[in-house]
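# Close look at the chain arrangement
Listed below are the residues making up each chain.
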Amino acid sequence: MTIRTMWEAAKSWRLEWLLLATVLAASAWLRFHVLGRAAPWIDEITIASFASPPKTPTSLTREIFAAGLKGFTGQHMPMQYVLANQAQRRAARAAPADGVAILRAPFAWSGVLTVPLFGLLLGRWYGRAAGWWAAILLGLSFFHVYQSRDATSYAPLLLFQAAALLGAQGLMADGLRSWRSVGYAVVLAVSVLGALFTHLTAWFFLL
């Protein structure tokens, strides 16, 4: 490899990191900007009420499964309540005006993290250019931004689904020929369990 080739590779690498930073910054701004301005709507109020301390993630999970997934809030799985519970514990130590933004923050982070995962997944399936366009379009998607700013289960569900597909794609491409396959299998297993813990529709995606 010549010095010129090394310089071109380094320049390309720096440009890709700059593009990634730009995509992530835009995605985060869209999902976090004035996150607490709008008052919680009925589903968020219900989730926050059911998940409020002194309940813990363990007690919430136990209560939801003991009720056959048909408790106070209907048919949802525990993940959104666990996230809301932890957010409310943090909000109790912050200013009251920040409470709504803190409640929604874990869900907004789920939306931000989905953007590079989705781009990486599509890049492996269809090439680098497709991956970058996928990340950019998802980062700017009105529907994904809207769901990411909402303290319900949809943003975490999409994050787990993207991670599960990435793990499955890695296993299909790599087979069982290297230690990387163990990592892909772990990502797939954890993500599938996370999706199932998040929303009942994950069963349809799993099938």
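In this text the structure is predicted, and so the values were computed from the model without any measurement.

Bringing the packing of aromatic side chains into the picture now. Taken as a whole, this structure holds five aromatic pairs when the rule is applied. On the numbers, 6.3 Å between centres and 70° between planes, the contact of Trp-125 with Tyr-126 is edge-to-face. The class of Trp-125 is partly exposed, set by a relative accessible area of 39%. A relative accessible area of 59% means that Tyr-126 is categorised as exposed. Taken together through their ring pairs, the aromatic side chains of Phe-142, Phe-143 and Tyr-146 make up a single cluster.

Summary: where empty space remains is shown by rolling a probe the size of a single water molecule over the atoms. Roughly 340 Å³ of internal volume is contained in the largest pocket. For the largest pocket, the full set of lining residues is Glu-16, Trp-17, Leu-20, Pro-116, Gly-119, Leu-120, Gly-123, Arg-124, Arg-128, Gly-131, Trp-132 and Ala-135. Contributions of two or more residues to the lining of the largest pocket are made by helix 1 (3–32), helix 5 (99–126) and helix 6 (128–140). Among the elements that line the lining of the largest pocket, the one with the most residues is helix 5, at five residues. For the lining of the largest pocket, the residue count by class is six nonpolar, three polar and three charged. Looking at the second largest pocket, its volume works out to about 240 Å³. Along the walls of the second largest pocket sit Leu-157, Gln-161, Ala-164, Leu-165, Ala-168, Leu-188, Val-192, Ala-195, Leu-196, Ala-202, Phe-205 and Leu-206, which together make up its complete lining.

A separate point is the nonpolar core. Residues Phe-50, Ala-51, Leu-60, Ile-64, Tyr-81, Ala-84 and Leu-103 are the most contacted members of the largest nonpolar core, which totals 13 residues. Residue assignment for this core shows that the elements contributing at least two residues are helix 2 (42–50), helix 3 (57–66), helix 4 (79–91) and helix 5. Top element by residues in this core is helix 2. It accounts for three residues. Within the second largest apolar cluster, eight residues are counted, among which are Leu-157, Phe-160, Ala-195 and Ala-202.

Thresholds, definitions, all that
Residues numbered from 1 in each chain as written. Predicted model: local features only at pLDDT ≥ 70, side-chain atom pairs only at ≥ 80, totals over all residues. Heavy atoms only, no water. Phe/Tyr/Trp six-rings, centres within 6.5 Å; stacked < 30°, edge-to-face > 60°. Buried < 20%, exposed > 50% of the residue type's maximum accessible area, 1.4 Å probe, protein only. 1 Å grid on protein atoms, 1.4 Å probe; cavity = no way out; pocket = protein on both sides within 12 Å on 5 of 7 lines; lining within 4 Å. Points joined across faces, edges and corners; volume = space filled by probe spheres on them. Helix = DSSP H or I, 4+ residues; strand = E, 2+ residues; numbered from the N terminus. Nonpolar A, V, L, I, M, F, W, Y, C, P; charged D, E, K, R; others polar. Core = buried A, V, L, I, M, F, W, Y, C linked by side-chain atoms within 4.5 Å.

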